[in-house]
Amino acid sequence: MSAWLLIAVMAYLIMALSQAVDKALLNVVFRNSRAYAALVGCLGLLAFLFLPWSTGTLSPVLFVWSLLAGALFMAALVPFL
């Protein structure tokens, strides 16, 4: 089996597991999709704040673009949940 095929199958399985966990969380733990979107946004912001310790600093322009992209992602999550 080719390495790329194994990687593609594993990535698909990980995405399927992620979707199943998201569905279970929305049905059992979070009844309100906005609360879930806010939690995902806060976790993303937490990961974004740890960025300087992992890869270095961002330029101010890239920093603003990244924050804007994160805010738009969080806003886009609400209609899809």
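This is a predicted model, so every value here is computed, not measured. (Residues numbered from 1 in each chain as written. Predicted model: local features only at pLDDT ≥ 70, side-chain atom pairs only at ≥ 80, totals over all residues. Heavy atoms only, no water.)

## A short note on the overall build of the protein
Formally: Only DSSP runs of H or I covering at least 4 residues are called helices, and only runs of E covering at least 2 are called strands; the numbering of each starts at the N terminus.
For the protein, the count of helices and strands is three helices and zero strands. In the protein, the order of α-helices and β-strands from amino to carboxyl end is α-α-α.

## Looking at the layout of surface pockets
Test applied: A 1.4 Å probe that fits but cannot get out identifies a cavity on a 1 Å grid over protein atoms alone, an open set with protein on both sides within 12 Å along at least five of seven lines counts as a pocket, and a residue lines either if it has an atom within 4 Å of a point. Grid points are joined across faces, edges and corners, and a volume is the space filled by probe spheres set on the points. For this classification, Asp, Glu, Lys and Arg are treated as charged, while Ala, Val, Leu, Ile, Met, Phe, Trp, Tyr, Cys and Pro are nonpolar and the rest, including Gly, are polar.
As a volume, the largest pocket reaches approximately 250 Å³. Along its surface, the largest pocket is lined by 13 residues, and G41, G44, L45, G70 and A71 are the ones closest to its centre. Elements that contribute at least two residues to the lining of the largest pocket include exactly α2 (33-49) and α3 (60-80). Here the lining of the largest pocket gets seven residues from one element, more than from any other, and that element is α3. For the lining of the largest pocket, a count of residues per class yields nine nonpolar, four polar and no charged.

## With respect to α2
The criterion, for reference: Given the number of residues in a helix, its expected span is that number minus one, multiplied by 1.5 Å. Categorising residues by exposure relies on relative accessible area from a 1.4 Å probe, with only protein chains included: less than 20% of the type maximum marks a residue as buried, more than 50% marks it as exposed, and the intermediate range marks it as partly exposed. Relevant arc is that of directions from the helix axis to the C-beta atoms, nothing else.
Over its 17 residues, α2 runs 24 Å from end to end, which matches the ideal 24 Å to within 8%, given 1.5 Å per residue. Among all positions in α2, only S33, Y36, A37, G41 and F48 are buried. When α2 is viewed along its axis, its buried side chains cluster within an angular range of 135° and face the same direction. Turned more than 90 degrees from where α2 packs its buried face, C42 and L43 sit exposed.

## Some words on a nonpolar patch on the surface
Applicable threshold: For patches, a residue must show more than 30% relative accessible area and have no salt bridge; joins then use 9 Å for like charges and 5 Å for nonpolar side chains, namely Val, Leu, Ile, Met, Phe, Trp and Tyr. For the area figures, the Shrake-Rupley method with a 1.4 Å probe applies, and any residue is considered shielded solely by the protein chains shown. Salt bridge, as used here, is a side-chain nitrogen of Lys or Arg placed within 4 Å of a carboxyl oxygen of Asp or Glu.
Residues W4, L5, L6, V9, M10, Y12, L13 and M15 make up a contiguous nonpolar surface patch of roughly 870 Å² in combined accessible area. Looking at the element boundaries, V9 is found in helix α1 (residues 3-29). Taking relative accessible area as the criterion, V9 reaches 40% and is therefore assigned partly exposed.

## Focus: the confidence of the model for the protein
Basically, it comes down to this: Values of pLDDT, ranging from 0 to 100, describe the predictor's confidence in every residue of the model.
Confidence along the protein averages 81 in pLDDT terms, with 94% of residues attaining 70 or more. When pLDDT is averaged over each element of the protein, α1 comes out on top at 86 and α2 at the bottom at 80.

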